[in-house]
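Here's the letter readout for the chains.
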Amino acid sequence: MDLSYGPEYKNFKKEIQDFCNDWKGVNFSDGVQISLGQSFDNKGKTITRTEWQSILIERGYFARSIPKEYGGYGGEADIIKSRIIASEFSNAEIPPAMSGQGIDMLVPTLLELGTEDQKKKYIKPTLLGEMIWCQGYSEPNAGSDLASLQTKGELINGSWVINGQKIWTSTAQYSQMMFCLVRTEPEANKHAGISYLLIPMDSIGIEVRPLVDMTLKAGFNEVFFTDVSIPESNIVGNRGEGWAVANATLGHERGSLTNPNATMNRVNSLIEMMKAETVNGQRLIDIPVFKDRLIQIQGKVMAFQSNSLRVLSSKLNSNQDTKIASMIQKLVGTEIRHELEGLAIDIMGEIGTLYEDSPHIRDNGSWQFTYMYYLGLIIGGGTNQIQKNIISERGLGMPREPKAKEV
Amino acid sequence: MYFGLSDDQIFFQENVSKFLADQASLDVIKLISDGGNDTKKADIQRGLINLGINGLLIPEKYGGLGLDLLFATAVSQSLGSGVAPVSFTGSYVMAPIAINEGGNDGQKSKYLSGIADNAIKFGVAFTEYVGSRENAHISINNDRVSGSALFTLDIEESTHLLVSNQNGKIGIVETNHKGVEVIKLTTIDKTRNFSEILFNDVDIDILEKTISNDVAIKKSIDAGRIILSADSIGASQTLIDKAVEYSKERKQFGRFIGSFQAVKHMCAEMTADLEPCYALLWHAAHAFDSMPDEARLMACQTKSHTSEVAKVIAKKATEVHGGMGFTDLMGIHYWFKRIGLNRQLLGSPELIREEAAKIQGF
Ligand SMILES: Cc1cc2nc3c(=O)[nH]c(=O)nc-3n(C[C@H](O)[C@H](O)[C@H](O)COP(=O)(O)OP(=O)(O)OC[C@H]3O[C@@H](n4cnc5c(N)ncnc54)[C@H](O)[C@@H]3O)c2cc1C
């Protein structure tokens, strides 16, 4: 057991701390989406989001291992450095680099499977936050059973012509591009008939209809395609290989849905709140039942945090096998976060239900918002029931369900 | 950076597991638990001592292996996994740590060397400090002790007892002193024995440093809690393995029960609950060894969290076996009961969480 990062990282940590000091309070002129449940000091310099992305890339704090010619820093991947950056930024309340489906899912996919032209064209603007992507996978009749999707793509005179509908498409209303799964080989069997296409959202024939979600924000959308035409070259991988291409990125998505350190920060905010608030004149932290539930969830989060250190360690030490420890992260991380946010609401009682711009609201209603938001993540990204199928079948080798007849 | 057990630790752990698989099959455990074979039980204990479990935590200068608590968790996990009918937590973890922390040079040299060469074996009676029930009261005056202690750990074949009062003052008495009365308790877990000890004006050798502070008992209890957690994690893993294995053999409605989602999801949930406990356990043991500021909180959280997880696993794994799970024949209950008792030892989850809150100042 060795939890130290080694002396070579001491200087790096210092460098990051200095950087954070210089940029303390940085904020953005062009509306920022900041991950919830974190607060950022915003009394410093005002720049654009794209400027911030370039600063981070230039110094190797973001897109570190992505080659220079595609807009990255062009260095060696260094998991420990990434971790130091994440934790120092979070301590100093400096906004992290942008994330999102383009950066987290599309870029790794293109790096692995894209053509040279695709890499040159798409990666740089995506990293800079100039090109936002949405993920067009789910359809009204293809959710957990994604491979049954029916949106159709036909190659006509050197163009893909697309007809059909996607649903639950997060951020489609702001996106410039969509990476999309489309059925291009209707004769082939389910999984073999799908292709992975890159679709400009300003194409003629695309209609985006925002869907208001439980939090009352328009978190996702319906996207309709009527004879949408895109160049033949906007395909990643070959025709009919889309399922494999998509699977290369699903792993990236699941990894990015839960962050144990952010969850622990949330536990600490809850503790602060319990020290500050009272009921019947008694501090919340002094009420034994609340205290017991607090410590209970703190223990769960500690375990989850330690689990992620173990997974990190296996990336640095090839002899460690953490297959199961990795496989459980989406299930465990989303459930814990939902439970934690819900606990805060219970502890606040009626005040915990205040929302939007209500008088007496605490923390901008973030506990209630995040409680609901995480229910969305329990469902999205492969539902937690599907996660349990994966853990039991692929992790524990339990027998698959016999194929049912179609109903 | 390396987070996890080292090759040496894994190697040692595997040796303990192999030994138990060889010498302590379920049939043997049953015989021993029914009280039918004390010789076999002593053989198993001796075999493990030959592997070195008694000297793990004893500094080399006293003849031990001078290893750390993380090493001991690796062993304890194997013992729990095999529901081993042996002494470990009290005799070979809590006692050496208490003596090493609390004893003067003479005491250390006498007792630690004694443990290392297996001339001395300790039972541990710290209940009065952790959570005294029935107003049992240990009073230590000068060099005499009176009172009673419930749930003494690892009393079997002990030559000495470590006993503490409410303030964490620790002393050593000889088990066969005429003023010591041992009353056997019958718990659900028949793989290990627990006793009540009555002390009637018995000579006691007070560990010198424990007169002025309770550092030694705190460390000893932290370690004990971590080791019991490891035992429960080992027992839980065995239960999951057995449930998964059974689900691949048993058929109902013309298919393996493991293909039913209700069964699959129980197994996935048990796995998702248990897996992070390993990391928490190792982290806590590492904190005990080298991060003193975080050690106490992590020890409490590890014991409390793994106790909760293990309890649910004990229930679900039994359910996966259907009626067979409920039989004595199948023996699932040995693991169920081991987990049930570990949960209460050295503080039930609620009591420990109360302590965890205090440690953090609330
Ligand atoms: C907040 C949010 C954001 C999303 N963003 C996107 C996005 O950007 N792009 C995108 O393409 N999609 C997105 N999705 C869609 C998401 O991937 C799907 O909602 C999800 O895969 C479930 O599909 P479904 O909604 O059709 O539910 P269904 O598949 O109909 O599931 C309904 C219920 O049945 C259960 N179920 C289904 N099949 C099984 C099975 N084999 N075993 C056990 N239980 C089963 C499910 O677990 C669930 O409880 C998002 C969803 C949410 C909630």
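Our subject is the structure that appears above.
Residues numbered from 1 in each chain as written. Chains lettered and ligands numbered in written order. Predicted model: local features only at pLDDT ≥ 70, side-chain atom pairs only at ≥ 80, totals over all residues. Heavy atoms only, no water.

With that out of the way, let us pick up the packing of aromatic side chains. In this structure the tally under the stated criterion is 19 aromatic pairs over all chains. A ring pair is formed by Trp23 of chain A and Trp52 of chain A, whose centres lie 5.5 Å apart and whose planes are at 65°; its orientation type is edge-to-face. A residue pair is termed long-range when its members are at least 10 positions apart, and Trp23 of chain A in the loop between helix 1 (8–22) and strand 1 (27–28) and Trp52 of chain A in helix 2 (residues 49–58) qualify at 29 residues. Consider the rings of Phe12 of chain B and Phe71 of chain B, whose centres lie 5.5 Å apart with planes at 80°: the pair is edge-to-face. You can see Phe12 of chain B sitting in helix 1 (residues 7–23) and its partner Phe71 of chain B sitting in helix 4 (residues 69–81), a full 59 residues away along the chain. Grouping aromatic residues by their ring pairs yields a cluster made of Phe12, Phe19, Trp23, Phe28, Trp52, Tyr61 and Phe89 of chain A. The ring of Phe288 of chain B carries Lys219 of chain B above its face, with NZ or CZ at 4.9 Å from the centroid. Sitting over the ring of Phe256 of chain B, Lys251 of chain B keeps its end group 5.0 Å from the ring centre. (Phe/Tyr/Trp six-rings, centres within 6.5 Å; stacked < 30°, edge-to-face > 60°. Helix = DSSP H or I, 4+ residues; strand = E, 2+ residues; numbered from the N terminus. Lys NZ or Arg CZ within 6 Å of the ring centre and 35° of its normal.)

With that settled, the discussion passes to the interface of chain B and chain A. The extent of an interface is frequently quoted as the accessible surface area lost upon association of the parts. Taken together, the contacts link 43 residues of chain B with 48 residues of chain A. Each partner contributes to the roughly 4100 Å² buried at the junction of chain B and chain A, and carbon and sulfur atoms together form 65% of this total. It is Met1, Tyr2 and Phe362 of chain B that lose the most area in chain B upon contact with chain A, and together they represent 21% of the buried surface on that side. Counting every contact that joins chain B to chain A gives four salt bridges. (Contact = heavy atoms within 4.5 Å. Buried area = accessible area lost by both parts, 1.4 Å probe. Salt bridge = Lys/Arg side-chain N within 4 Å of Asp/Glu carboxyl O.)

Moving on, we come to the sheet that holds strand 7 (residues 194–203) of chain B. Strand pairing in a sheet relies on backbone hydrogen bonds, with the paired strands running either antiparallel or parallel. Residues and elements named next belong to chain B. Ordered by their spatial adjacency, four strands build an open sheet running 2-3-7-6, and the pairing between neighbours is antiparallel. Two strands lie at the open edges of the sheet, namely strand 2 (139–141) and strand 6 (180–185), each paired on one side alone. On average, each strand axis in the sheet is tilted by 15° relative to the strand beside it, whichever way the strands run. (Pairing = 2+ DSSP bridges. Axes fitted to C-alpha atoms, helices over the stretch in contact; angles between N-to-C directions.)

Once that is clear, we can look at the site of the ligand. Taken together, 19 residues lie near the ligand, and Ser138, Ser144, Trp168 and Thr383 of chain A together with Gln261 of chain B sit nearest. Lying at an intersection of chains, the ligand is approached by residues of chains A and B. In this structure, an oxygen atom belonging to the ligand sits 2.9 Å away from a side-chain N or O atom of Gln385 of chain A. One of the side-chain N or O atoms of Asn389 of chain A is found 3.1 Å from a nitrogen atom in the ligand. In the complex, the protein chains occlude 65% of the 960 Å² of accessible area that the ligand would expose alone. Looking at the shell around the ligand, the elements that each hand over two or more residues are helix 11 (366–379) and helix 12 (384–395) of chain A. Of the residues that constitute the shell around the ligand, the class distribution is five nonpolar, 14 polar and no charged. Two domains each donate at least three residues to the shell around the ligand, and these are domain 2 (104–110 + 132–240) and domain 3 (257–395) of chain A. (Near = heavy atom within 4 Å. Polar contact = N/O pair within 3.5 Å; in protein donor to acceptor, adjacent residues only side chain to side chain. Areas by Shrake-Rupley, 256 points an atom, 1.4 Å probe, with all protein chains shown as cover. Nonpolar A, V, L, I, M, F, W, Y, C, P; charged D, E, K, R; others polar. Domains from an automatic or database assignment.)

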